Amino acid sequence: MVRAMEKYIRPGVKVTPFCPGCGQGILMGLILRAIDELNMDMKKMLFVSGIGCAAWIPSPHFNGDTLHTLHGRALAFATGAKLFNPDLRVMVISGDGDLSSIGGNHLIHAARRDMDLKVICANNMIYGMTGGQVASTTPKGAKTSTTGKGNPYRPFDLSRLVTAAGASYVARYSVTQPLALIRSIKKALSHVGFSFIEVLSPCPTQYGRRNQPEKPEEMIQDLIRRCILEEEAKGLSEEELAEKIITGEFLT
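Rules of the game
- Residues numbered from 1 in each chain as written.
- Predicted model: local features only at pLDDT ≥ 70, side-chain atom pairs only at ≥ 80, totals over all residues.
- Heavy atoms only, no water.
- Buried < 20%, exposed > 50% of the residue type's maximum accessible area, 1.4 Å probe, protein only.
- Helix = DSSP H or I, 4+ residues; strand = E, 2+ residues; numbered from the N terminus.
- Pairing = 2+ DSSP bridges.
- Core = buried A, V, L, I, M, F, W, Y, C linked by side-chain atoms within 4.5 Å.
- Contact = heavy atoms within 4.5 Å.

Visitor: Help me understand the pairing of strand β3 (residues 89-95), please; the structure alone is not making it clear to me.
Guide: Regular strands have side chains that alternate between both faces of the sheet. In terms of residue burial, β3 counts as a mostly covered element, since six of its seven residues are buried. Relative to β3, strand β1 (residues 45-49) is paired through four bridges, and the arrangement is parallel. Its bridge partner being in β3, V48 is matched across the sheet by V92. As paired strands, β3 and strand β4 (residues 118-123) are joined by five bridges and run parallel to one another. Note on β4: the bridge partner recorded for I93 is I120.

Structure representation (structure tokens):
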């Protein structure tokens, strides 16, 4: 973390829990940069997370109020906090397994209510911290600790899911698109209503070693190659889009 951002880190926190090559450390820095650029008061914010790799981003790192909650229940806790104190800027930071697999029902109903919550879902397409199991976002055919021959089911498109459920701001970016992601986080923080940003983040430890070259830098390069903005995707054929991941703001 650069010195300009150190004021946002809880004193005494020296060791990060993230594996080498994990995208969560990048995401942590980008969230703090968005908060800094908006000159937001951390004392008026609450950061809520569930269980998983991404859940360690706010807790213990952020020098502010955090709730590190039960697996899959981050949005339930965030809902209660927002109802109790509507003046709080409540941000939920957790992973795809926590938010959309075990916590999927909370996700769709929070979006349906269009509550004023800011949700950042770090999607590494697997249960990263709890054993490498298949998740609702795991691509069809991908290997996990529970699908040794490949996942037989198609995954959720999280951005489409929360849009259909009723969210009012929806975006998807990769940690390899830092400037666009910072702008999107700033929009989500300023938006009144349910804001959802899906952030693609590489997991070399659980996903990469089973499905891609183990080298973290190769996973980063793969995301750079595959992620294209929505406007860049217009006019491309189905074959050209087959391996691409469309990113951008889908609902503003």
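Visitor: Even after reading the chapter, I still don't get the nonpolar core, so can you show me in this structure?
Guide: General note: in soluble globular proteins, nonpolar side chains tend to be found buried as a group. Grouped together as the largest cluster of nonpolar side chains are 35 residues, with contacts concentrated most on L27, I31, I35, I57, F62 and I185. Those elements that provide at least two residues to this core are α1 (24-37), β1, β3, β4, β5 (169-174), α6 (178-190) and β6 (195-200). No other element matches the seven residues that α1 contributes to this core. Beyond its immediate stretch of four places on either side in the chain, I31 contacts I57, F62, M91, I93, I120 and I185. Counting 23 residues, the second-largest nonpolar core is a separate cluster that includes L75, V92, V162 and F196.

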